[in-house]
Every structure is written in C-alpha cells, then in structure tokens.
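Here is how the chains run, residue by residue.
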Amino acid sequence: MFVMDNSGSMGDSIQGEAQSFFHLQQTTNSWTALEVCKNCLLDQILPQRLSAIDSVGFIAFNHSINVDVRLDSWQGAHRAHLESKLRSVMPEGQTNMWTAVDYAVRQLLQSSGKRSKWLVALTDGASHDNAHDVERLLNAEGKDVHVLFITVNLSENDRRAIETAIRRTENDGMFSASDVSSLEQAWNCLLYTSPSPRDGLL
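Everything quoted here is computed from the prediction, not taken from an experiment. (Residues numbered from 1 in each chain as written. Predicted model: local features only at pLDDT ≥ 70, side-chain atom pairs only at ≥ 80, totals over all residues. Heavy atoms only, no water.)

All buried positions along helix α6 (residues 156–166) are accounted for by Asp158, Ile162, Ala165 and Ile166. An end-on view of α6 places all buried positions within 80 degrees of arc, on one side of the element. Residues of α6 that are exposed and angled more than 90 degrees away from the buried face: Asn157 and Thr164. (Buried < 20%, exposed > 50% of the residue type's maximum accessible area, 1.4 Å probe, protein only. Helix = DSSP H or I, 4+ residues; strand = E, 2+ residues; numbered from the N terminus. Arc of directions from axis to C-beta.)

Next comes the structure, spelled out in structure tokens:
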C-alpha cells in the first residue's frame, strides 16, 4: 500500500543532490517534494518492483483522504487507474498524515492471505494530528504490517515522531531525501530487500 502526502507543503522545492539521485531533469525551476515522490513511484518503484501477483493500493492525503485506490492485482485496468490517479495528484491543503496511515494499515489488515504486507509512505512529515493511535495499532493488530517512510524536507521534530511511531523491527525504516547516502539505502531496501515478487506484496 502506497500512501502519499499531497498537502500544500509538498509543493515546496527540493534541490541539489536529491534531484540528481532521482535522475530528475534539471530545469530553471527546482522540483517540488511531490514531484520527486511521484517520479520515484511512477518511473522506478512501480515498473521495476511489482508484478501481476502483487496486490497494490494507493492513498493520497492532505487534511483528508482525497485519493483512495483499493488493493487489487497489479495489472490491467487497476494498474492504469492507479497510475492515472497518482499522476493527477497536486499539492494543496493541510495535513493529517497519521489519520491516513491509520486508514491504510486497516486496509492492509482486512486483506486476505498470508503474503507480506508493506505500507510505503512518502511525505515531508509535517502533520496536524498525532501518531498515538497508529503507534498502538502497529504494536497490536498491525504487528505483521511492515512500514517504510521516504521523507523529503523533514524537520528533526517530525523525524523523531515518525521514528517513534513506526520503528518496531529491522523491517521498518525511514529514509530521508535530503541525504544521498540515505536515499541509496532506501532505494536498496525497496528494490532488493522488500518481499520478492514470488512472495507477493500488498
């Protein structure tokens, strides 16, 4: 399950080494945090890592959930619909990140089968709600949901809040788009150490 922040702050620029890492075309205008995240999914993670046996969903959120593509097999009309919705996302509004993460975790918990369940969130971490309910959920019913955050323009306070909420095992992680070495680590995690296609990915 991919969860993307499209609040207004995701329209802020991300510059320098992070742009080079994502192989973004250099223009007179710097890329926004949202553009970096969309590029990461559309050009690299989705086409390189997933197969038709995977069930994939996508949520975009600001102060509310504004895109909700439910889990389904990564093929045909579902794949085209999800990619279209992802391309259409624009930055606007406030942020209730933890409400969206809670919603995504509960979708994963309702999914059938024993395949590995992963939540991948892309965000700048700024949020007006708190992580307490998500932290309790992940440590109770959500113990089998692996959580990976890829962050852009993250403040130290937000970094600590995310780390406290999600970090339970070595399978959970947080990687910053402001640090190239951290980006490379996240890239390796997503492409090589997440469940293999034969295991399936939710």
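This is not the end of the story, as more comes after the structure.
Our next topic: the environment of Thr169. You can see Thr169 is positioned in the loop between α6 and β8 (173–176). What makes Thr169 partly exposed here is its relative accessible area of 40%. Sequence separation of Thr169 and Lys143 is 26 residues, and the distance between their C-alpha atoms is 9.6 Å.

Further remarks concern unusual backbone geometry. Even without glycine at this site, Asn153 takes up a positive phi of about 50 degrees. Note on placement: Asn153 falls in the loop between β7 (145–151) and α6. The exposure class of Asn153 is partly exposed, given its relative accessible area of 38%.

Let's shift gears to the packing of aromatic side chains. For the structure on display, the rule yields one aromatic pair. Measuring from ring centre to ring centre gives 5.9 Å for Trp98 and Phe149, while their planes differ by 35 degrees; the resulting arrangement is tilted. You can see Trp98 sitting in helix α4 (residues 97–110) and its partner Phe149 sitting in strand β7, a full 51 residues away along the chain. With respect to class, Trp98 is no different from Phe149; both count as buried. (Phe/Tyr/Trp six-rings, centres within 6.5 Å; stacked < 30°, edge-to-face > 60°.)

Helix packing for two helices is described by the angle between their axes and how far apart those axes are. Interaxial distance between helix α2 (residues 33–49) and helix α3 (residues 76–88) falls to 10 Å at its minimum, and their mutual angle equals 160 degrees. Regarding the angle of α2 to α3, the classification is roughly antiparallel. For the element pair α2 and α3, the recorded crossing hand is left-handed. Along the contact surface, α2 presents Lys38, Leu41, Leu42, Leu46 and Pro47, while α3 presents Arg79, Leu82, Glu83, Leu86 and Arg87. In terms of residue class, the contact of α2 with α3 is made up of six nonpolar, no polar and four charged. (Axes fitted to C-alpha atoms, helices over the stretch in contact; angles between N-to-C directions. Parallel < 35°, antiparallel > 145°, perpendicular 65-115°, else oblique. Left-handed = near helix turned anticlockwise from the far one by under 90°. Contact = heavy atoms within 4.5 Å. Nonpolar A, V, L, I, M, F, W, Y, C, P; charged D, E, K, R; others polar.)

For the rest of this paragraph, the subject is the pattern of salt bridges. Going through the model one piece at a time under the given rule, you end up with nine salt bridges. Ionic pairing is found between Glu83 and Arg79, a salt bridge with its closest N-O pair at 3.4 Å. Residue Glu83 and its partner Arg79 are located together in helix α3, separated by four residues, close to a single helical turn. Judged by relative accessible area, Glu83 falls into the buried class, the value being 15%. Taking the relative accessible area as the measure of exposure, Arg79 reaches 29% and is therefore partly exposed. Taking the shortest distance from any N to any O, the salt bridge between Glu156 and Arg159 comes out at 2.6 Å. One end of the pair, Glu156, and the other, Arg159, are both in helix α6, three residues apart, so they sit about a helical turn from each other. Residue Glu156 is classed as partly exposed on the basis of its relative accessible area of 42%. One network of salt bridges, in which partners are shared, links Glu156, Arg159, Arg160, Glu163 and Arg167. (Salt bridge = Lys/Arg side-chain N within 4 Å of Asp/Glu carboxyl O.)

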